[in-house]
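Residue strings, one per chain:
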Amino acid sequence: MADPNATEEANSTVQAPFESWGRYPTYGAKLLPLHWQGDYPALTADVHNGALPVGMGRSYGDVCLLKDGNLLVTTAMNRFMDFDAETGLDFAVPRGFFLPVTPGTKYVTLGGAIANDIHGKNHHFAGTFGCHITRFELVRSDGSRMLCSPTENAEFYAATIGGLGLTGVITWATLRLKPIVSRKIDYEGIQFHGIDEFLDLTNQAKDIEYTVSWVDVTSTGRNFARGVFMQGDHSKKKDELKPSPKPKLIFPFEAPGFALNSVSVSLFNAAFFHKQIHKRVVALQDYEPFFYPLDKVLHWNRMYGKRGLLQFQYVIPWDHAKEGTIAVLREVAKSGLASFLAVLKAFGDVPSPGMMSFPRPGITLALDFPIKPDKSFPLFQRLADMTLEFGGRLYPAKDAAMTAPQFQSFYPQWEQFAQYRDPMLTSSFWERVTSNS
C-alpha cells in the first residue's frame with residue numbers, strides 16, 4: 001500500500017498488492033521505482049502488461065491501479081529544481097508561500113495533482129490545480145521528450161492535465177504559488193438547514209476565497225440536508241510561519257464491518273452538527289485543520305474495515321444542480337447506508353485547462369461509504385444514473401464503480417483524449433471504462 005510515512009525505497013522490482021486510498025479494489029502489480037528523469041522509458045523497455053505512473057496512491061478507486069501490470073512509483077522523484085522568490089515557485093509555508101489549489105489531503109504528489117487536475121475549497125476563485133501549472137516536461141515510452149505549456153505542445157498540455165497519468169511520465173513541472181504572511185485562516189462556520197440555505201450562503205460568500213460545507217446525509221424531515229457552511233481567507237495579520245508538526249495519531253486497527261452503520265453514523269452526524277453551539281462561529285484557525293482535518297489521523301481509512309470504502313463524487317451543472325442534489329440526498333437517506341464524510345460545494349466558472357478535467361460550474365457532492373457488496377454497488381449505480389439524468393458527471397479520481405457506458409456519457413471527449421495516450425500506459429480504471437469499445 002502507498003504510505004505517506006514510509007521511509008524505505010524499493011531498490012528492485014517488487015511484485016506486491018497495491019491499494020488505493022479506498023482500499024478497493026486491491027491488485028497485484030510489479031512496482032518499478034523511478035529515481036531520475038532518464039529512468040523512463042528504459043525501465044519499461046522489456047515489460048509486458050502495460051505500465052502506469054503512480055505517486056502516493058491517494059486516489060480512491062482504480063485510476064492508480066493496474067492489475068498484474070507495472071506501476072512506475074514516482075515518489076523518489078521529489079526534488080526541487082529551482083526556487084524563484086519573485087514568482088513564488090516553491091511549496092514551503094515557512095518561506096511564505098502556499099499552494100494555489102489544494103485538495104483535502106496534503107499527501108499528494110505534484111504529478112498526481114496534475115493527472116487528476118485536483119480542485120479545492122477555492123475553485124470559484126482559482127479554478128483547478130492545472131490552471132496554475134505553467135509548464136512541464138512529458139516523457140513518452142518511445143523516448144521522446146516534450147515541453148508542454150498553453151503555447152507549446154498545447155494538445156498534450158491539455159490532455160495531460162486531468163489525463164489520469166496516461167499520456168506519459170511528467171518528469172518536472174513549474175507551479176505558481178501564492179504568498180502568505182500567516183499560517184492562520186480567518187474562519188467562519190455557519191449552520192444551515194436545507195439546500196436553499198446552502199445556496200444563499202454560497203452566494204453571500206462569493207468574495208471569500210475558501211468555501212465548503214459538511215452536510216448530514218442521514219437526517220430526514222425537518223433536519224433534511226442540514227449542515228455546516230465553512231468559509232475562510234488567509235489571515236493578513238503577520239504571524240510565525242513555522243513548519244507543521246508531524247501527525248502523532250494513528251488509527252490503530254481495521255474497524256469491524258458493523259461499526260459504521262446507520263445508527264452510529266446518524267449519532268455522529270447529530271453530534272457534529274450540534275458541536276457548534278451557536279449558529280455562527282468566528283475563529284482564527286491554523287491552515288492544517290482547515291484544509292486537512294483528516295490528515296491528523298494516519299491511516300484513517302482503516303475505520304471502514306477490511307473491505308475498504310467507496311467514494312462517490314459528482315458535479316451537476318446549475319440548470320439542474322438544486323433538484324439533482326436534493327434527489328441524490330433523498331436517495332442516500334432512503335438507502336440507510338452510512339456516510340459521515342459528506343462534502344458539499346459549489347464550483348465556479350473558471351475554466352479547467354484539461355481535456356478530461358472533472359469540475360464544471362454547478363454543485364459537487366462527495367460521499368464516503370463502507371463497502372457492503374449487496375447494498376453499496378447497487379446504490380452507486382442508481383446514483384450514477386441519476387447524475388447522468390441531471391446532466392452531471394462523476395470524478396474518475398474518486399471512482400471504483402462507474403460503468404463504461406456511464407463514463408463515456410459523462411466524458412464524450414474520451415475518444416479524442418485516447419489519441420494522446422501513451423501506448424505503453426494504461427490503468428485498471430481505463431480498461432474498465434473503455435472495455436466495451
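Bear in mind the structure is a predicted one, so any value in this text is a computation, not a measurement.

Asker: I keep staring at the nonpolar core and nothing clicks. Help me out?
Answerer: Across soluble globular proteins, nonpolar side chains show a tendency to be buried alongside one another. Within the largest apolar cluster, 87 residues are counted, with the highest numbers of intra-cluster contacts made by Leu-71, Phe-129, Phe-136, Phe-312, Leu-365, Leu-367 and Phe-407. Core analysis: the next-biggest nonpolar cluster, separate from the first, contains 16 residues, Val-93, Ile-180, Val-228 and Tyr-287 among them.

Asker: Could you clarify how one ought to interpret the sheet that holds strand β19 (residues 393-394) in this entry?
Answerer: Note: strands within a sheet are paired through backbone hydrogen bonds, in either parallel or antiparallel orientation. On the basis of which strands lie adjacent, the open sheet formed by 8 strands has the order β14-β10-β12-β11-β17-β18-β16-β19 and antiparallel pairing. In the strand order of this sheet, the two ends are held by β14 (280-286) and β19, each with one partner. Examined bridge by bridge, strand β11 (residues 210-215) and strand β17 (residues 343-347) share 2 bridges and lie antiparallel to one another. Within β17, the position partnered with Ser-213 by the bridge is Leu-344. Those strands touched by helix α5 (residues 195-204) are β10 (184-193), β11, β12 (226-234), β17 and β18 (362-370), and its axis lies near 150° from that of β10.

Asker: Hey, could you run me through the side chain of Ser-235 in this one?
Answerer: For Ser-235, the location among the structural elements is in the loop between β12 and β13 (249-250). Since its relative accessible area comes to 7%, Ser-235 is described here as buried. When near neighbours in sequence (up to four residues on either side) are disregarded, Ser-235 contacts Val-181, Ser-182, Lys-184, Ile-185, Asp-186 and Leu-284.

Asker: How do you make sense of the sheet that holds strand β6 (residues 133-139) when you look at a structure like this?
Answerer: A sheet is described by the order of its strands in space; here 3 strands give the open sequence β7-β6-β8, paired in antiparallel fashion. Sheet topology places β7 (145-148) and β8 (169-175) at the edges, where each strand pairs with a single neighbour. Strand after strand, the sheet turns through a mean of 15° between neighbouring axes, direction not considered. Pairing of β6 with β8 involves 6 bridges; the strand directions are antiparallel. Residue pairing for β8: Arg-135 is matched across the bridge by Thr-174.

Asker: Looking at this structure, I do not really get unusual backbone geometry. What am I missing?
Answerer: Leaving glycine aside, a negative phi is the common case for residues, and trans is the common case for peptide bonds. Even without glycine at this site, Asp-117 takes up a positive phi of about 40°. Position of Asp-117 among the secondary structure elements: in the loop between α2 (110-115) and α3 (123-126). In this structure, Asn-153 is a non-glycine residue whose phi angle is positive, near 45°. In this fold, Asn-153 is placed in the loop between β7 and α4 (154-160).

Asker: Got a minute to help me understand helix α8 (residues 318-335) in this structure?
Answerer: Since there are 3.6 residues in each turn of an α-helix, residues three or four apart along the chain are aligned in direction. For α8, with 18 residues, the first-to-last C-alpha span of 26 Å sits near the 26 Å given by 1.5 Å per residue. At Gly-324, α8 shows its largest kink, close to 30°. Every buried residue belonging to α8 is among Ala-321, Gly-324, Thr-325, Val-328, Leu-329, Glu-331, Val-332 and Ala-333, and all of these are buried. Those residues of α8 that are buried lie in contact with α5, β16 (309-317), β17, β18 and α9 (376-389). Positive phi shows up at Gly-336, right after α8, with a value of about 75°.

Asker: So what exactly am I meant to see when it comes to the packing of aromatic side chains here?
Answerer: Aromatic ring pairs are described here by two measures, namely the spacing of the ring centres and the angle between the planes. A full pass over the atoms with the stated rule returns 23 aromatic pairs. On the numbers, 5.7 Å between centres and 15° between planes, the contact of Phe-136 with Tyr-157 is stacked. Here the residue Phe-136 occupies a position in strand β6, and Tyr-157 occupies one in helix α4, the gap between them amounting to 21 residues. Owing to a relative accessible area of 0%, Phe-136 belongs among the buried residues under this scheme. Through a chain of ring-to-ring contacts, the aromatic side chains of Phe-98, Tyr-187, Tyr-210, Tyr-287, Phe-290, Phe-291 and Tyr-292 assemble into a single cluster. One residue, Lys-121, lies across the ring of Phe-290, its end atom 5.7 Å from the ring centre.

Thresholds, definitions, all that
- Residues numbered from 1 in each chain as written.
- Predicted model: local features only at pLDDT ≥ 70, side-chain atom pairs only at ≥ 80, totals over all residues.
- Heavy atoms only, no water.
- Core = buried A, V, L, I, M, F, W, Y, C linked by side-chain atoms within 4.5 Å.
- Buried < 20%, exposed > 50% of the residue type's maximum accessible area, 1.4 Å probe, protein only.
- Pairing = 2+ DSSP bridges.
- Helix = DSSP H or I, 4+ residues; strand = E, 2+ residues; numbered from the N terminus.
- Contact = heavy atoms within 4.5 Å.
- Axes fitted to C-alpha atoms, helices over the stretch in contact; angles between N-to-C directions.
- Expected span 1.5 Å × (residues − 1).
- Bend = angle between axes of the 7 residues up to and from the residue.
- Phe/Tyr/Trp six-rings, centres within 6.5 Å; stacked < 30°, edge-to-face > 60°.
- Lys NZ or Arg CZ within 6 Å of the ring centre and 35° of its normal.

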